[in-house]
Amino acid sequence: MSQHEHADSFFTPDTGGAAADRFPVPSELVRAATALVRRHPRLCALRRIGLSRAGRPLHLLSVGHADAAVLVVAGAHANEPAGGPAVRRLAERVVADPALRARTSWHFLLCADPDGARLHRMRAPGSLLEYHRRFYRPRGAEQPEWSPSYVPPDRLPPETLALTGVLDELRPYLQVSLHGTDLGGSWVQVTRDIPGLAEPFAKSAAELRIPVEAGPSDAVGWPVSGPGVHVMPEPGAGTPFPSVPEDVRHSTWHHIHRYGGRTAVVEVPLWASDRVTDLTPHPDPAAALRASAHRLRTHTRAVTRVLTTALPHLPHPPGPLTRSARWILDLSPALADDWEHLPSQNATAAYVSGMEAFGRRLPLRAAGMLLRELTRHHPPSATTLESLVTHWSHDFTTRFTPRWVPLEAQTEHQTRTTLAAAIHTPHP
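Residues numbered from 1 in each chain as written. Predicted model: local features only at pLDDT ≥ 70, side-chain atom pairs only at ≥ 80, totals over all residues. Heavy atoms only, no water.

**Describing the overall build of the protein**
- Check the secondary structure of the protein and you find 13 helices and 10 strands.
- Of all 428 residues assigned to the protein, the portion counted as buried reaches 58%.
- Accessible surface, the protein: about 17300 Å² in total, of which carbon and sulfur atoms supply 54%.
- Within the protein, the 41 negative side-chain charges are centred at a point lying 4 Å from the centre of the 45 positive side-chain charges. (Helix = DSSP H or I, 4+ residues; strand = E, 2+ residues; numbered from the N terminus. Buried < 20%, exposed > 50% of the residue type's maximum accessible area, 1.4 Å probe, protein only. Areas by Shrake-Rupley, 256 points an atom, 1.4 Å probe, with all protein chains shown as cover. Lys, Arg positive; Asp, Glu negative; His and termini not counted. Charge placed at Lys NZ, Arg CZ, Asp CG, Glu CD.)

**Here we look at helix α11 (residues 349–377)**
- Taking 1.5 Å as the rise per residue, α11 with 29 residues should run 42 Å; its terminal C-alpha atoms sit 42 Å apart, in good agreement.
- Counting buried positions along α11 gives 26 out of 29 residues, so the element sits mostly inside the fold. (Expected span 1.5 Å × (residues − 1).)

**Details of the environment of L208**
- If you trace the backbone, L208 turns up in the loop between α7 (198–207) and β7 (224–226).
- Since its relative accessible area comes to 19%, L208 is described here as buried.
- Look past the residues within four positions of L208 in its chain and what remains in contact with it is A409, E412, H413 and R416. (Contact = heavy atoms within 4.5 Å.)

**A closer look at the environment of L61**
- By the secondary structure assignment, L61 is in strand β2 (residues 57–63).
- The exposure class of L61 is buried, given its relative accessible area of 3%.
- L61 sits 11 residues away from V72 along the chain, and the two C-alpha atoms are 9.8 Å apart.
- Residues contacting L61, with those up to four places away along its chain left out, are A33, L36, V37, A45, L46, A91, W106, H107, F108 and L110.

**Considering α7**
- Taken together, the buried positions of α7 are A198, F201, S204 and A205. For α7, the angular spread of the buried residues around the axis is 135°, confining them to a single face. In α7, the exposed residues that point more than 90 degrees away from the buried face are E199, K203 and A206.
- Once α7 ends, the next one or two residues include R209, with phi positive near 60°. (Arc of directions from axis to C-beta.)

**As for the packing of aromatic side chains**
- Inspection of the entire model under this criterion finds 10 aromatic pairs.
- A centroid spacing of 6.2 Å and a plane angle of 70° characterise the contact between Y150 and W327, whose relative ring orientation is edge-to-face. Remark: W327 occurs in helix α10 (residues 320–339) and Y150 occurs in the loop between α5 (128–133) and α6 (158–170); sequence separation between them is 177 residues.
- Looking at R275, its charged tip hangs above the ring of F400, at a distance of 5.4 Å from the centre. (Phe/Tyr/Trp six-rings, centres within 6.5 Å; stacked < 30°, edge-to-face > 60°. Lys NZ or Arg CZ within 6 Å of the ring centre and 35° of its normal.)

**A closer look at the nonpolar core**
- F241, V303, W339, L342, Y351, M355 and L385 are the most contacted members of the largest nonpolar core, which has 64 residues in total.
- Looking at this core, the elements that each hand over two or more residues are α5, β9 (262–272), α9 (285–310), α10, α11, α12 (379–400) and α13 (407–424).
- Here this core takes 13 residues from α11, the largest share from any one element.
- Counting 41 residues, the second largest nonpolar core, distinct from the first, contains V94, V188, V266 and L419. (Core = buried A, V, L, I, M, F, W, Y, C linked by side-chain atoms within 4.5 Å.)

**Looking at the packing of helix α2 (residues 26–39) against helix α3 (residues 83–96)**
- Two elements in contact, α2 and α3, have axes whose closest approach is 10 Å; the angle formed by their N-to-C orientations is 10°. Classed by the angle they form, the pair α2 and α3 counts as roughly parallel. Contacts between α2 and α3 pair L29, A32, L36 and R39 from the former with G84, P85, R88, A91, E92 and V95 from the latter.
- Here the residues of the contact of α2 with α3 are counted per class, giving 6 nonpolar, 1 polar and 3 charged. (Axes fitted to C-alpha atoms, helices over the stretch in contact; angles between N-to-C directions. Parallel < 35°, antiparallel > 145°, perpendicular 65-115°, else oblique. Nonpolar A, V, L, I, M, F, W, Y, C, P; charged D, E, K, R; others polar.)

**As for the pattern of salt bridges**
- What the rule picks out here adds up to 23 salt bridges.
- Two residues, E142 and R323, come together in a salt bridge whose shortest N-O distance is 2.8 Å. Of this pair, E142 sits in the loop between α5 and α6 while R323 sits in helix α10, placing them 181 residues apart in sequence.
- Among the residues examined, E142 registers a relative accessible area of 7% and is labelled buried.
- Salt-bridge contacts for E373 lead to R376; the nearest nitrogen and oxygen are separated by 3.6 Å. Of this pair, E373 and R376 both sit in helix α11, 3 residues apart, which is roughly one turn of the helix.
- By relative accessible area, which is 5% here, E373 ends up buried.
- Residue classification places R376 among the exposed residues on the basis of a relative accessible area of 63%.
- Beyond isolated ion pairs, a larger network of salt bridges with shared partners links R89, R93, E207, E408, E412 and R416. (Salt bridge = Lys/Arg side-chain N within 4 Å of Asp/Glu carboxyl O.)

**Some details on the UniProt feature "domain: Peptidase M14" (unreviewed entry) in the protein**
- Within this numbering scheme, the UniProt entry marks residues 33–121 as carrying the feature "domain: Peptidase M14" (unreviewed entry).
- Within residues 33–121, the helical portion is 30% and the strand portion 28%, while the C-alpha atoms at the span's ends are 22 Å from each other. (UniProt positions renumbered as here; feature names shortened; annotations may be inferred.)

**Side note on the pairing of β9**
- With respect to burial, β9 is a largely interior element, 11 of its 11 residues being buried.
- Across 10 bridges, strand β5 (residues 174–184) lies against β9 in parallel orientation. What sits directly across from S177, in β9, is V265.
- Note that strand β6 (residues 187–190) and β9 share 4 bridges and pair antiparallel. Paired with W187 across the two strands is E267, which belongs to β9.
- In this sheet, strand β10 (residues 403–404) lies alongside β9 in antiparallel orientation, the contact comprising 2 bridges. Considered in β10, the bridge of W271 is made with W404. (Pairing = 2+ DSSP bridges.)

Okay, here's the thing in structure tokens:
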């Protein structure tokens, strides 16, 4: 079997038949990694590096024995599932190509948040409506990579401690975190510039028909080292969203800096939209940003009213779906205020579209998670939320005309970008 066939075989369901878009669950990734170790016991190793809050194991697959190391993290966000099959594909390629491991050992965290992966029930290709009706993403304090921005060191979740423990052990020169977005394009965030990465990144995106997002909301105001590659701000730099407590400098992405390394965060969309690639000047960006802020406030209030009515009927203490929905609802009004002061002079259509998509997805996510809870605990309120989720998903789809990005393309793009980052990052 060729290296490409090894990768493709992962997308075929266990019951046989033609390959199809299907996101694997963590247990499938562990079985695939176990099989790889059995085939190459002198080259590969699989070990448990910790347990999740619910007692689920966190697994690290290692390939090669060189001192210089690369760590690849999958599954840090439950609603971004393409990273799982990407680490499988990457591991297969590293095993098949001695040149990739001649000077570098490769280490793959198969799923950084197995508890979250259990709660996000992705169907592919599906639709934006189906996606939001099965949506889950934990609040910031419960996210493995972001929790250091929210809680003190003595309250960090075990998933975060496992991840930072691996970074302390391996001291990699590069960490690649595989992420995604629901709708838009692909881009890369780097904690320190990786010269030369932009060209292979853009080439891969073009070949796989994945748009490069020109104005991602995650990187507003950041330096750009090349198309689609955004460099995170230096310490002391201001933030365009003062109300958001997240600070990349406190994330696990920056933990690697104490060992002289850097992190690349690879984003790939589930659904592509060409609206995020338009570099023409927007005719009235200030008005468009105000409209997005108004929509965010209005939609947030609508979901909050439903939650207020249903709250006496929900479990106490609140479960993860309710906690995450409330976190979004609490954050959104101040975030909308931030948008009133965003820079808009000479803003592109892509930038305005990216902000609009950001504003549409936040209340949709909150509504989708609450819908799942209220369907079980207070059906009358669920009926109202069902109407909102359906209507907003339809508007989102109509506005951005998304097209599904095949899982094969999502995974291949993450694989190529990871390999390019490793090649272009200076070795110690």
